[in-house]
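The lines below spell out each chain.
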Amino acid sequence: MASQPSTNTALERGLEMSRRAAGLNPLGGHGDNDFESQWDILSSALREIHTKNASQLSFEQIYRASYKIVLKKQGDKLYDRVKEFEEQWFGGEVMPNIQKLITPNLVNIATGGMSGVTANERRMTGEEFLRGLKAAWEDHITTMNMTTDVLMYMDRVYCTDNRKPSIFTTSMGLFREHVLRSVISDSRAGLIIFDILNSVILDQINMERDGDVIDKTLIRACVYMLEGLYESDDENELEKLYLTVFQVAFLADAKEHYQKECATLLRESDASTWLRQTRKRLAEEDVRCQTTISMLTSEKIAKVVEEEMISAHLTEFLAMEGSGIKAMIENDRYEDLTLLYQLISRVDPSKSPLKIALQARVVELGSEINKTITESESAPAPPAQPEDGEAEAGDKSKATKQSAAAKQTAAAIRWVDEVLTLKDKFDTMWKNCLSEDLILQTALTKSFSDFINLFPRCSEYVSLFIDDNLKRGIKGKTESEIEVVLDKATTLLRYIQDKDMFERYYKKHLARRLLHGKSESADVEKQMISRMKLEIGNAFTTKLEGMFKDMTMSEDLTAGYRSHIQNLGDLDRKQVDLGINVLTTNYWPMESMGGASSRGEDGTLMSCSWPTEIMNLQESFKKFYLKERNGRKLTWLGFLGSADIKCVFPKIPGKEGILGRERRHELNVPTYGMIILLLFNILADGESLTYEAIQQSTNIPPQDLSRMLFTLSVLPKARVLTKNPANKELPKPGDKFSFNASFTSKAVKIKAPVMVGAVNKVEGEEERKDTEDRNDEHRGYVIDTVIVRIMKARKLSTHQMLFSEVIAQLAQRFNPNINMMKKRIESLIEREYLERVEDAQVPTYKYLA
Amino acid sequence: MSSSDDIPTSTFRPFASRWAGARISGSAGGPFLTPIQAPDVGSPVTKRKRPNLVGPQTIVKVNVHACGDGFIDGDDTHHQSFPIHKNHICHYSPFFDAAFNGNFAEGESQEVDLYEVKPEIFGIFVNWLYTQEIVSGDGEAPSVRSLVYLWLLADRILVSSLQNQAIDLIERTRQQKGNDRLPSEIFPIIYDNTNANSGLRLYVVRVCSAPYLAQIKNSKNYPPQFLLDIVNAIRDRSTGKDRLASVLMTPYHVPEEGGGGDRAKRLKTQ
């Protein structure tokens, strides 16, 4: 510590001397002389730096000079001198070199005139210019980095304290003003360097768009320059010259270019070319942003291309004959469609042009299917409906009638198949090309539903399709194949609007499958039902499930009854073996099962007269049945079921061959058939029964009776009766029937041909009308229920509200008809469930408790 | 003292990190072909990682001369050479960063002749480079006078954090001495080597304008500008009772930014 003072004095002496040596006033004078001598050091150093001769300079010395100037409060002077120096440098050294590179050609291009030289020459002169500018810029950056290093103390102390932009920023501004914005010496239009720069770069880019190779690195360097320069010394990021000047010009130029290109494509090419060219352009511009200009522009240029190449003429391209959307869909041009989807997604998130086109196409193709099926149905149209056609039917015409019906059934299956094929086509397209777009999926679903519901028989056909598959379609199929079939059925089901109609048909078809033992697999049936339960709901399937329950119950009953009889030990009498199906009335569609003709005028069920042996059997079963189920009512349905009858045909004396022997056959006939045949047991040989007699003793509905007799007395297969007159007409009152003793057949077991009922097929016009009427009637009840339920809760509701709520509640099942709803309301008012509110402003109803 | 221009976070230049990287990796390949990365707004250049000595480091030399250039006295203590790890000194001092990494003679020789700095003060700086602590040769806290010289050195070679540590230490020393005074000999030194807005100046004016101070005796240690500043400071003060137990130091600090970070922020070419 003791030595400290002396060191200090020695040091101060040294400092003083050094000040003197450096020409400084030791008392800290602020004279210009000081400044000038330091500035001399600095300015000569700056010159060396600018001429790239700095490697001999001592950084410390130059820095110290600027440090001292700033300490002596001469920062402002220094700052201004450096600026001045730079300005002079630009004017005297930089600009002359650049001006030299500006050829009249470049000026011509910039002013929009014709260059009059080849693209190649234009490219060369342009590149020359760019190279010159790039060099000037890079020199500037290098020298300014060094200058800023030297002037760091000024930046830190003077610029900060006085809120001046750093010397580097200032020098960037100087470059902008004195180089880029300097006016070109021999130009008329007051053109500046910047104009030339823009036009040269754009010219080069357009050359590249036309397929030339250009120096991307060079352009990139110039773009970098523009990204490093700003409109003002505030250096606002949004005011980069690149953004404010170049990008504006670039986008405008691109817009014009793509406008032209798209117009040319529209004129000379097809949609496929257009798609590919657009994709190519989008990719090119993106790469251009990466390699040639700046990523700052990538979104904006993409937008320009999208607008000019996609949006501008989209509808025209889509409508192009032979290559537009129609052709793409028709010919499965997946690549085109994929591209189209990608491009449209870029410009329109709702993809509405594509959506509309796809929807139109679905409806168009779907309507075609509807039309061809309708036509093919009516083309070989039999003169009348198959069911009623038997009036004057002979053997032959009957056969054709049958096959016509089969044909129609086949048409139904074909309709479903074609709809599914169409659906598959669009599904595949959706998966492959439309990246499983949800909006489009919804749209497609809607269109499918639209055209399917336009087809009046859709419910019936879909049910028939399922019926067909469940009967034999799934035979020999693996589980996964069955799964596919069920999937298809479910898909179709989803589209159907009138679910109640479908339910009606499904019940009918299912009933036949079950009662006639046609169902291939109970397991698959149940799967189908559980699918429907998922799709449509519990209410829909309870009855179907009930039908299944009845079937299982009946099996148990049959077995139980059989053992019950055996246990009675009452085997002395010839016992009729009974297999029974007990059907719960509500679950089964009696009318469509053939029961319609058994109803009287008033709708009550007419029972036929059962033969005694059968009546005994019925009584016996009834006793058994009611033992455990008290209070139930059993009704025996003659129009259902069948019977096996053992027939003995005694040998006919005097006849040779087959007729000379006794023949035994086992005949399978419908229940009615059995009743009729039993009548003949008590008849003496050679006696006959009139139609009327049969009718009277059996009480079988006339229509059913005629048909049954036709089977037994006209059709050759089971002609165990003879008809008089022996023609092939449908039996009618007045005809007589007797035992056909000379019946022969090669088979022991004979199944009497059944004309109606057992096979599910397309309904005839009348039958369909019946079904529809029944359905409408049922709908009426449903609507009634819903209205009452709503009104009970609300007590008071406007017409509008009530309707919309009813529609909403029923949407799941069917789309109610407005007129029908009005009628139902009228009827409810009549029945005093509702009343109109008299003086309400809008029509309003009131619930009457 | 603070202007928004100086705070690195306020104006962010997207090229900063890229160009700095290009410089380190050399000029091979040319950076123009690489796509520009989107501005990485999340991590502006605030604090660079402190250097360490794990792994071999280049040594540079700083020859410190107490007097001006061209003047050599016979006293060896006035001319001393310090070998220093380059990464350390360049990390903390933008001045040395520019000298050793620039295109001037020093960049070539990797040797800087630093004039008009006392070697002992520079030694404190060198020690601080490695330890971030301010101690003199004997391991004690340096005198206020030395601390003033240290502050001035740090100001000149642009090491803000050292400036702030030094001025804090001056204030602490003042309080420990108990007499609340600063040695008057430092005033002319300060007024000779700082600008009007310098934190050190403002600080001493603040201390010397306290009301209880003894009479000014050694008038030659009070530069006219200093006296003027004191008078103005007293006038500005609202209340007379100012014991000046301690000075809140924040206003006298220099904004710190990660050493030579501002250099790295500039546009560069290869």
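For every chain, the first residue of the written sequence is number 1, and numbering continues from 1 onward in sequence order. Each chain gets a letter, beginning with A, and each ligand a number, beginning with 1, in the order they are written. Restriction of local features to residues with pLDDT of at least 70 applies here, the model being predicted, together with a cutoff of 80 or more for giving and counting side-chain atom pairs; totals for whole chains, interfaces and linings are based on all residues. Hydrogens and waters are ignored; side-chain quantities use all the structure's heavy atoms.

Enquirer: So what exactly am I meant to see when it comes to the overall build of chain A here?
Expert: For chain A, the count of helices and strands is 31 helices and nine strands. Among the 849 residues that make up chain A, the fraction classed as buried is 49%. Residue pairs in contact within chain A that sit at least 24 positions apart in sequence constitute 71% of those at least 6 positions apart. In these tables, accessible area is a Shrake-Rupley quantity obtained with a 1.4 Å probe, and a residue counts as shielded only by the protein chains included in the view. Just so you have it, chain A exposes about 40,900 Å², and 52% of that area is on carbon and sulfur atoms. A run of H or I in DSSP counts as a helix once it spans at least four residues, and a run of E counts as a strand once it spans at least two, with each numbered from the N terminus. For the exposure calls, accessible area comes from a 1.4 Å probe over protein chains only, and a residue counts as buried if that area is under 20% of its type's maximum, exposed if over 50%, partly exposed in between. Between two residues, a contact is recorded if the distance between any of their heavy atoms is within 4.5 Å.

Enquirer: What should I look at first to understand the overall build of chain B in this one?
Expert: Counting its secondary structure elements, chain B contains 11 helices and three strands. The order of helices and strands in chain B, counted from the N terminus, is α-β-β-α-α-α-β-α-α-α-α-α-α-α. Counting only residues that meet the buried cut, chain B has 50% of its 270 residues in that class. Restricting the contact set of chain B to residue pairs at least 6 apart, pairs at least 24 apart contribute 74%. When the accessible area of chain B is evaluated, it comes to approximately 12,800 Å², of which 53% is carbon and sulfur surface.

Enquirer: I tried to follow the environment of Glu227(A) on my own but got confused; where do I start?
Expert: Residue and element names in this part refer to chain A. Looking at where Glu-227 falls in the secondary structure, it is placed in helix H10 (residues 216-228). Among the residues examined, Glu-227 registers a relative accessible area of 3% and is labelled buried. Along the sequence, Glu-227 and Glu-239 sit 12 residues apart, while their C-alpha atoms lie 9.4 Å from each other.

Enquirer: How do you make sense of the side chain of Ser209(B) when you look at a structure like this?
Expert: Among the secondary structure elements, Ser209(B) is positioned in the loop between helix H9 (199-208) and helix H10 (224-236). Under the rule applied, a polar contact is a pair of N or O atoms within 3.5 Å (in protein, one hydrogen donor and one hydrogen acceptor; residues adjacent in sequence only if both atoms are side-chain atoms). Within the structure, Ser209(B) has its side chain in polar contact with the backbone oxygen of Val205(B) (distance 3.0 Å).

Enquirer: Looking at this structure, how should I read the environment of Ser294(A)?
Expert: Residue and element names in this part refer to chain A. Tracing the chain through its elements places Ser-294 in the loop between helix H12 (271-291) and helix H13 (298-311). Classification of Ser-294 by relative accessible area gives buried; the value is 1%. When the C-alpha positions of Ser-294 and Arg-220 are compared, they lie 7.8 Å apart, and in sequence the two are 74 residues distant. A polar side-chain atom of Ser-294 sits 3.1 Å from a polar atom in the side chain of Glu-227. A distance of 2.9 Å separates a polar atom in the side chain of Ser-294 from the backbone nitrogen of Leu-296.

Enquirer: Could you clarify how one ought to interpret the packing of helix H29 (residues 765-794) of chain A against helix H30 (residues 799-810) of chain A in this entry?
Expert: Packed helix pairs are characterised by how far apart their axes lie and by the angle those axes make with each other. All names here are of chain A. Axis geometry follows a simple rule: fit a line to the C-alpha atoms, using only the stretch in contact for helices, then measure angles between N-to-C directions, giving values from 0 to 180 degrees. Between H29 and H30, the least distance of the axes is 10 Å, while the angle of their chain directions is 125°. Classified by the interaxial angle, the pair formed by H29 and H30 is oblique. Here H29 runs over H30; the crossing is right-handed. Residues Val-782, Ile-783, Val-786, Ile-787, Arg-789, Ile-790, Met-791 and Arg-794 of H29 lie in contact with H30, whose contacting residues are Met-801, Leu-802, Glu-805, Val-806, Gln-809 and Leu-810. As a working rule, the residues Ala, Val, Leu, Ile, Met, Phe, Trp, Tyr, Cys and Pro are called nonpolar, Asp, Glu, Lys and Arg charged, and the rest polar, with Gly in that last group. In terms of residue class, the contact of H29 with H30 is built from 10 nonpolar, one polar and three charged. Roughly parallel means an angle under 35 degrees; roughly antiparallel means over 145; roughly perpendicular covers 65 to 115; every other angle is labelled oblique. Working rule for handedness: look at the near helix, and if it is turned counterclockwise from the far one by less than a right angle, call the crossing left-handed; if clockwise, right-handed.

Enquirer: What should I look at first to understand the sheet that holds strand E3 (residues 111-114) of chain B in this one?
Expert: Strand pairing in a sheet is mediated by backbone hydrogen bonds. Such pairs are either parallel or antiparallel. Residues and elements named next belong to chain B. When DSSP finds two or more bridges between two strands, those strands count as paired. The mixed open sheet is built from three strands, whose spatial order is E2-E1-E3. The open sheet has two free edges, formed respectively by strand E2 (79-85) and E3, since each of these has just one partner strand. Strand-to-strand twist across the sheet, computed as the mean angle between neighbouring axes with direction ignored, equals 20°. Together, strand E1 (59-65), E2 and E3 form the strand contacts of helix H5 (residues 119-131), whose direction differs from that of E2 by roughly 10°.

Enquirer: Would you mind showing me how to read the nonpolar core here?
Expert: Across soluble globular proteins, nonpolar side chains show a tendency to be buried alongside one another. Counting residues in each nonpolar core, the largest one holds 167 residues, and the members touching the most others are Phe129(A), Leu180(A), Leu197(A), Trp415(A) and Phe426(A). Aside from chain neighbours lying at most four places away, what touches Leu180(A) is Leu133(A), Phe175(A), Ile192(A), Ile193(A), Phe194(A), Leu197(A), Met225(A), Leu226(A), Leu229(A) and Leu241(A). One finds Val144(B), Leu147(B), Ile189(B) and Ile230(B) within the second-largest nonpolar core, a separate group that totals 92 residues. Residues enter a nonpolar core if they are buried and are Ala, Val, Leu, Ile, Met, Phe, Trp, Tyr or Cys, with the set joined through side-chain atoms within 4.5 Å.

Enquirer: Is there a simple way to think about the packing of aromatic side chains in this case?
Expert: How two aromatic rings sit relative to each other is set out by the distance from centre to centre and by the angle between their planes. Pairing of aromatic rings covers Phe, Tyr and Trp, the last through its six-membered ring, and needs centres within 6.5 Å; plane angles under 30 degrees mean stacked, over 60 mean edge-to-face, and all others mean tilted. In total, this model carries 39 aromatic pairs over all chains according to the counting rule given. An aromatic cluster is defined as three or more aromatic residues linked by ring pairs; in this entry it consists of Phe59(A), Tyr63(A), Phe82(B), Tyr92(B), Phe95(B), Phe96(B), Phe100(B), Phe104(B), Phe122(B), Phe125(B) and Trp128(B). Each ring is checked for a lysine NZ or an arginine CZ that lies within 6 Å of its centre and within 35 degrees of its normal; such an atom marks a charge sitting over the ring. The ring of Phe35(A) carries Lys77(A) above its face, with NZ or CZ at 4.9 Å from the centroid.

Enquirer: It is not clear to me how the sheet that holds strand E6 (residues 749-751) of chain A should be interpreted in this structure. Could you clarify?
Expert: Residues and elements named next belong to chain A. The mixed open sheet is built from three strands, whose spatial order is E1-E2-E6. Looking at the sheet topology across the chains shown, the edges are occupied by strand E1 (642-649) and E6. Here the average twist between neighbouring strands, direction ignored, is 25°. Bridge count for E1 against strand E2 (residues 663-670) is eight bridges, and the pairing is antiparallel.

Enquirer: How should I be thinking about the confidence of the model for chain B in this particular structure?
Expert: In regions of low pLDDT, the predicted coordinates are not meant to be interpreted in detail. Summarising the model, chain B shows a mean pLDDT of 76, and 70% of its residues fall at 70 or more. Both scores are available for the predicted complex, with the pTM at 0.67 and the ipTM at 0.81. Confidence of the predictor at the level of single residues is captured by pLDDT, which takes values from 0 to 100.

Enquirer: Would you take a moment to explain the pairing of E3(B) for this structure?
Expert: A regular strand carries its side chains on alternate faces of the sheet. All names here are of chain B. Burial of the side chains of E3 is restricted to one face: Val-112 and Leu-114 are buried, whereas none of Glu-111 and Asp-113 on the reverse face is. Here four bridges tie E1 to E3, and the two strands are oriented parallel to one another. Residue pairing in the sheet places Lys-61 in a bridge with Glu-111 of E3.

Enquirer: How do you make sense of H30(A) when you look at a structure like this?
Expert: An α-helix turns once every 3.6 residues. As a result, residues three or four positions apart point the same way. Residue and element names in this part refer to chain A. Spanning 12 residues, H30 covers 17 Å between terminal C-alpha atoms, matching the ideal 16 Å at 1.5 Å per step. Listed as buried for H30 are His-799, Leu-802, Phe-803, Val-806 and Leu-810. Each buried residue of H30 lies within a common arc of 95° when the element is viewed along its axis, so the set occupies one face. Of the exposed residues in H30, the ones pointing more than 90 degrees away from its buried face are Gln-800 and Ala-808. Residues of H30 that are buried make contact with H29, strand E7 (796-798), helix H31 (818-830) and strand E9 (844-847). To estimate how far a helix should reach, multiply one less than its number of residues by 1.5 Å. Directions pointing from the helix axis toward each C-beta atom define the arc.

Enquirer: Got a minute to help me understand the pattern of salt bridges in this structure?
Expert: Where charged atoms from two side chains of opposite charge come close, those side chains can pair. All names here are of chain A. A pairing counts as a salt bridge when a side-chain nitrogen of Lys or Arg comes within 4 Å of a carboxyl oxygen of Asp or Glu. Tallied over the full model, the rule gives 55 salt bridges over all chains. The closest approach of N and O atoms between Lys-52 and Asp-139, which form a salt bridge, is 3.0 Å. With Lys-52 in the loop between helix H2 (32-50) and helix H3 (59-71) and Asp-139 in helix H6 (residues 119-150), the pair connects residues that are 87 residues apart, well separated along the chain. Linking Lys-260 and Glu-256 is a salt bridge whose minimum nitrogen-to-oxygen distance equals 3.8 Å. In this pair, Lys-260 and Glu-256 both sit in helix H11 (residues 241-268), four residues apart, roughly one turn of the helix. Classification of Glu-256 by relative accessible area gives partly exposed; the value is 44%. In the salt-bridge network here, residues are joined through shared partners; they are Glu-208, Arg-209, Lys-216, Asp-253, Glu-285 and Arg-288.

Enquirer: Which parts of the structure should I look at to understand the pairing of E9(A)?
Expert: Residue and element names in this part refer to chain A. As paired elements, E7 and E9 share three bridges and run antiparallel to each other. Residue Leu-796 lies in a different strand from E9, and its bridge partner there is Lys-846. Where strand E8 (residues 834-836) meets E9, three bridges bridge the pair, whose relative direction is antiparallel. Paired with Leu-834 across the strands is Tyr-847, a residue of E9.

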